[in-house]
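One-letter residues, chain by chain:
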Amino acid sequence: INMELFWRFLPLVVLPALVHGQGMGQGISKHTWAASDPISCSNWFTTYLPTEEEFHPGCEDNNHCPCATQGRVHTKKHTTDKQPPPPGNMGFGLHSINCTFHPYGELSIADMEVKFQEKFGDFSQYDAFMDYNMGLWANNLDSFVKKFQEDGIPFLALKWESGGKQYYSVLANACGYIIIELMSDTISVLDTNTMMEDPHQRMSFSHWNSELETGDYLTPVRVSRAISKAGMVDNFYLNILGSQQIFQETYEDGVTVQEIIPPNSLVHVQFWSGRPTSEDFTIADYENYVNSVHEDVMVSGVCGFDQWIDNHIAIDQHTSPTLDEVAEIFEAEGYYYHWWKIEIGEEERSSQPPGRDMYQIYAADETGWGVQLDFPFINPPADCPTYAATCQSEDGCLGQGNCKAEF
């Protein structure tokens, strides 16, 4: 047996998540957003969704860190006194972060949030920018709708079909540009006859996260993205990462949807194109802006990191491809990506083989949205910088954000 390979793959099999939302799990384990005011995001999550806050070592409290403001929560999981959750088995991460010292270009996060919220309006109509959302399954939508109504939270209620069955969604703006979509087959507090009908299938219930949490707890089921052109992300997700396509449709109104399952994931990812939005700022405009910042800042696989890459999901898997394999393709095909050595605490380090480090890659797909890859690795770069979830690297709070070094 090759002992080097054995030790490099062992932690991915036997260790739980090392840091909240930063370690290895199974499939899509979290959704992170860059936010101008992460504390307001966290407050919204804990007020209206069954979630609990996370704490990171090195921070003053759950929200304030030397180099960042953060609002990290995870969904609560059903437990009993007789059956507590196993160590490290937290729920799905809903993370908002403001890496204060990282560059963002001419438009700040706050500027972009205003543009998105102008698209959302009063939630009386569906806009293409609402396709950027996180879908969570609720066993019954009633309790959530009642809270929104009591506090005057605007929301859009939809009815739609999948596989010949009726489903319902409630979309609300948690903060900034974060849209949460609560999905269910049960609702009684709204008149379903007057709900807006979406003729497009918003979820395929095939190979999905069907082990649902009980009661009012939520289950992550689907990440949604808008794209300016159908098929534009196929190379990244299907060819490079090896995701499986389970649904694709072009509707009569020109709207297209593609639904995939990333490696080892039960949480789906959808890509929508063709939805209407005003011409003052389009999906393509957003993609072009974010990618222009990546182009300026992310100068190599170990140098440069901007705030827009904080809009990402994490994909955790234990087999192939490895980080080495995807990095070689990213480099050859001109993708924006960054290797990181993960900074972990002494307690976690003591549980690992001697000299053992953990690595990740953050990469941007063709639209500019990020993906945190928690994959096995063989030979990470010798000059790979460290990174902490609190936005720090060897250069302190700059976190490699303005790195212009030659490697």
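Residues numbered from 1 in each chain as written. Predicted model: local features only at pLDDT ≥ 70, side-chain atom pairs only at ≥ 80, totals over all residues. Heavy atoms only, no water.

Student: Any details on the overall build of the protein? Residues and values, ideally.
Tutor: Each helix and strand counted, the protein has eight helices and 19 strands in total. The 407 residues of the protein split such that 57% are buried. In the protein, once contacts between residues fewer than 6 apart in sequence are set aside, the share between residues at least 24 apart is 73%. (Helix = DSSP H or I, 4+ residues; strand = E, 2+ residues; numbered from the N terminus. Buried < 20%, exposed > 50% of the residue type's maximum accessible area, 1.4 Å probe, protein only. Contact = heavy atoms within 4.5 Å.)

Student: Account for the state of the cysteines, with residues named and values stated.
Tutor: Applying the stated criterion across every chain, the model contains four disulfides. Linked covalently through their sulfurs, Cys99 and Cys391 form a disulfide whose S-S length is 2.0 Å. Judged by the torsion about the S-S bond (-60°), the Cys99/Cys391 disulfide is left-handed. Here Cys99, found in strand 5 (residues 93-99), pairs with Cys391, found in the segment after strand 19 (386-387); they are 292 residues apart in sequence, far enough to count as distant. (Disulfide = S-S within 2.5 Å.)

Student: Break down the pattern of salt bridges for me, with residues and values.
Tutor: When the charged atoms of two side chains lie near each other, side chains of opposite charge can form a pair. The final tally for this structure, using the stated rule, is eight salt bridges. Of the charged contacts, one joins Asp185 and Lys165 as a salt bridge, the two residues approaching to 3.2 Å between their closest N and O atoms. With Asp185 in the loop between strand 9 (178-184) and strand 10 (196-197) and Lys165 in strand 8 (residues 165-175), this pair connects stretches of sequence that are 20 residues apart. A relative accessible area of 30% means that Asp185 is categorised as partly exposed. Between Asp198 and Arg202 there is a salt bridge, with its nearest N and O atoms 2.8 Å apart. Taking the relative accessible area as the measure of exposure, Asp198 reaches 6% and is therefore buried. Counted as one network, the salt bridges with shared partners bring together Asp131, Glu181, Asp198, Arg202, Arg222 and Arg275. (Salt bridge = Lys/Arg side-chain N within 4 Å of Asp/Glu carboxyl O.)

Student: Quick rundown of the pairing of strand 9? Include the residues and the values.
Tutor: Along any regular strand, the residues point their side chains to alternate faces of the sheet. Among the seven residues in strand 9, seven count as buried, and that is most of the element. Side-chain alternation along strand 9 places Ile178, Ile180, Leu182 and Ser184 on one buried face and Ile179, Glu181 and Met183 on a second face that is also buried. Examined bridge by bridge, strand 6 (residues 133-138) and strand 9 share four bridges and lie parallel to one another. Its bridge partner being in strand 9, Trp137 is matched across the sheet by Met183. Summarising the sheet, strand 8 and strand 9 pair through seven bridges and their orientation is antiparallel. Counted as the bridge partner of Leu171 is Glu181 from strand 9. Connecting strand 8 to the antiparallel partner strand 9 that follows it, the hairpin turn spans two residues, and Gly176 within it adopts a positive phi of roughly 45°. (Pairing = 2+ DSSP bridges.)

Student: Requested: an account of empty space enclosed by the protein, with residues and values cited.
Tutor: Rolled over the atoms, a probe as big as a water molecule pinpoints where empty space is left. All told, the structure shown has three cavities of 30 Å³ or more when counted by the stated rule. Within this model, the largest cavity holds a volume of roughly 80 Å³. Lining of the largest cavity is provided by twelve residues; of these, Arg72, Asp310, Tyr362, Tyr387 and Ala389 occupy positions nearest its centre. Residue assignment for the lining of the largest cavity shows that the elements contributing at least two residues are strand 1 (27-34) and strand 5. Here the lining of the largest cavity is built from residues that sort into six nonpolar, three polar and three charged. (1 Å grid on protein atoms, 1.4 Å probe; cavity = no way out; pocket = protein on both sides within 12 Å on 5 of 7 lines; lining within 4 Å. Points joined across faces, edges and corners; volume = space filled by probe spheres on them. Nonpolar A, V, L, I, M, F, W, Y, C, P; charged D, E, K, R; others polar.)

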